Number of protein chains: 2
Amino acid sequence: MPRVTQDHLDARRRQILDGSRTCFTRHGYEGATVRRLEEATGLSRGAIFHHFRDKESLFLALAEDDAHRMAEVVAEQGLVQVMRDLIAVPAGAEVPDHPAYWLGTRLEVSRRLRTDPEFRARWAERSQELTSATRARLARQHAAGKLRDDVEVDVLTAYLELVLEGLVSHLAKGLSAEAMGPVLDLVEESVRRHRAAE
Amino acid sequence: MPRVTQDHLDARRRQILDGSRTCFTRHGYEGATVRRLEEATGLSRGAIFHHFRDKESLFLALAEDDAHRMAEVVAEQGLVQVMRDLIAVPAGAEVPDHPAYWLGTRLEVSRRLRTDPEFRARWAERSQELTSATRARLARQHAAGKLRDDVEVDVLTAYLELVLEGLVSHLAKGLSAEAMGPVLDLVEESVRRHRAAE
């Protein structure tokens, strides 16, 4: 067997993740059969499951990867920006390069959290990164005097995560993103330092 | 055949709705088989489908009935109170008399809206009542000078509905309601008239 470099392994892993993301988004977890995963990634099942133990592990790696990339956006631009990216996606579009490419995975995670207690346990360990990134950014903003200081950072973190949850669910129902821009302005403003009385 | 009074018909209809609510909540839409609906309501399938054309119509009537009762709470106490009722439900409890008895139906509506375009169309006609009640209450609050006046009532309505959506989804994932009290305080305060600068 030829020796493969780490770069090659990483590239192959990335190829599988990117291909399977589209597949999971389009067909859902159950509908993403091994045959479809082969087609979507352009690789054999042998190659796919050389890198991931099973479909569940592949999906978890994908969801974790997406959460990681969301956390990077949060660290630089905040969770409200993640939400603004989300409503900028054209309805029904498949947009792997779009900032909100992670919507499909996120929806599938939400659905499985509701119906699958085992998945809930496995995901719990992996879902802290986004919360931590949000809390860390809010703490920095707070230290810089940009945030309201009458509400604890933990409450503001939970508030922003709740709105994200609502937005994901709203879009999943096929409802319009159009009215959401001014709503996000309100959300953003409500975590900022108090306005002056009018 | 004996003549039945309207009161009798109404009572029977109520009996079917209340029994089937528990059944849909416990088993989900697909899991709520006709046999289980018979057990839950204490009535034969003949009696049930005398009042409702089919299971879909029964479920829609139930969801509409719940939305109507939520709208009544909204008219008197506002949508934030509906959310406060919701987080006061003990986790996993089945509470037909609790103010948030409608959570099960609401979750099932959310799930079916995501996966069933036909249901989406049938529900769209019936889902306006809660929005209208929320908007009407906000308009009254606005006229009474209790609301911030730099954001349109339609935006505030969409904002509160988005938070409700997030809360329903949050609880459906089995996540804790505990931290949500201070978050709802923040939500409530953010639609009110501007605070003075500190």
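Residues numbered from 1 in each chain as written. Chains lettered and ligands numbered in written order. Predicted model: local features only at pLDDT ≥ 70, side-chain atom pairs only at ≥ 80, totals over all residues. Heavy atoms only, no water.

### What about the overall build of chain A?
Along chain A, the regular secondary structure elements total 10 helices and 0 strands. When the helices and strands of chain A are read in sequence order from the N terminus, they spell out α-α-α-α-α-α-α-α-α-α. A buried classification covers 47% of the 198 residues belonging to chain A. In chain A, the proportion of contacts linking residues at least 24 apart, taken out of those at least 6 apart, comes to 68%. (Helix = DSSP H or I, 4+ residues; strand = E, 2+ residues; numbered from the N terminus. Buried < 20%, exposed > 50% of the residue type's maximum accessible area, 1.4 Å probe, protein only. Contact = heavy atoms within 4.5 Å.)

### Brief notes about the relation of the copies chain B and chain A
With an axial shift of 0.0 Å and an RMSD of 0.0 Å, the rotation relating chain B to chain A amounts to 180°. With respect to symmetry, the two chain copies, as superposed, fit the operation of a two-fold axis. Of every C-alpha in chain B, the one belonging to G166 of chain B sits nearest the axis of rotation, 1.7 Å from it. The residues that chain B uses at the interface reappear at the interface of chain A in 100% of cases, marking a shared surface. (Least-squares fit on C-alpha atoms with pLDDT ≥ 70 in both.)

### A closer look at the pattern of salt bridges
With the rule as written, the count across this model stands at 34 salt bridges over all chains. Note that E189 of chain B and R148 of chain A form a salt bridge whose closest N and O atoms lie 3.0 Å from each other. Of this pair, E189 of chain B sits in helix α10 (residues 180–191) while R148 of chain A is found in the loop between α8 (128–143) and α9 (153–172), placing the two residues in two different chains. Note on R148 of chain A: relative accessible area 2%, which makes it buried. One salt-bridge network, in which partners are shared between bridges, spans R14, D18, R21, D65, D66 and R69 of chain A. (Salt bridge = Lys/Arg side-chain N within 4 Å of Asp/Glu carboxyl O.)

### Some words on the interface of chain B and chain A
With 34 residues of chain B at the interface, the matching set in chain A holds 34 residues. When the two sides are added together, the surface that chain B and chain A hide from each other amounts to roughly 3,400 Å², 62% of it contributed by carbon and sulfur. There are 2 salt bridges connecting chain B and chain A. Each residue belonging to the side of chain B that touches chain A can be placed in one class, and the counts come to 16 nonpolar, 7 polar and 11 charged. (Buried area = accessible area lost by both parts, 1.4 Å probe. Nonpolar A, V, L, I, M, F, W, Y, C, P; charged D, E, K, R; others polar.)

### Some thoughts on the nonpolar core
Ranked by size, the top nonpolar core spans 69 residues in total, and within it Y159, L164 and L167 of chain A together with Y159, L164 and L167 of chain B carry the most contacts. Setting aside its immediate chain neighbours within four residues, L167 of chain A contacts M83, L86, I87, M180 and L184 of chain A together with L162 of chain B. Grouped together as the second largest cluster of nonpolar side chains are 22 residues, C23, A61, A67 and F119 of chain B included. (Core = buried A, V, L, I, M, F, W, Y, C linked by side-chain atoms within 4.5 Å.)

### Quick word on the environment of L160 of chain A
Residue and element names in this part refer to chain A. You can see L160 is positioned in helix α9. Residue L160 is classed as buried on the basis of its relative accessible area, which comes to 3%. Setting aside chain neighbours within four positions, we find L160 in contact with L79, V80, M83, L138, V187 and V191.

### Remarks on the packing of aromatic side chains
Enumeration according to the criterion identifies 10 aromatic pairs over all chains in this entry. Note on F24 of chain A and F59 of chain A: the rings are 5.1 Å apart at their centroids and 75° apart in plane angle, and the pair reads as edge-to-face. Taken as a pair, F24 of chain A in helix α1 (residues 6–31) and F59 of chain A in helix α4 (residues 55–77) lie far apart in primary sequence, 35 residues in all. Here a set of aromatic residues connected by ring pairs shows up, and it is made of F24, Y29, F59, F119 and W123 of chain A. Against the face of Y29 of chain B rests K55 of chain B, its NZ or CZ located 4.6 Å from the ring centre. (Phe/Tyr/Trp six-rings, centres within 6.5 Å; stacked < 30°, edge-to-face > 60°. Lys NZ or Arg CZ within 6 Å of the ring centre and 35° of its normal.)

### Focus on the domain arrangement of chain A
All names here are of chain A. The domain boundaries assigned to chain A delineate domain 1 (1–52) and domain 2 (54–191). For domain 1 versus domain 2, the distance between C-alpha centres works out to 25 Å. The partner domain 2 presents 18 residues to the 19 residues of domain 1 that form the contact. Between domain 1 and domain 2, the buried area comes to about 1,600 Å², and carbon and sulfur atoms account for 60% of it. Sorting the residues of domain 1 by area buried against domain 2 places R21, F24 and Y29 first, and these three jointly supply 44% of that buried surface. Counting across the domain 1 and domain 2 interface gives 4 salt bridges. Among the ionic pairs, R69 bridges to D18, the shortest N-O distance being 3.9 Å. (Domains from an automatic or database assignment.)

### With respect to the side chain of D66 of chain B
All names here are of chain B. Position of D66 relative to the elements: it lies in helix α4 (residues 55–77). On the basis of relative accessible area, D66 is assigned to the buried category, the value being 2%. A polar side-chain atom of D66 sits 2.3 Å from a polar atom in the side chain of R21. (Polar contact = N/O pair within 3.5 Å; in protein donor to acceptor, adjacent residues only side chain to side chain.)

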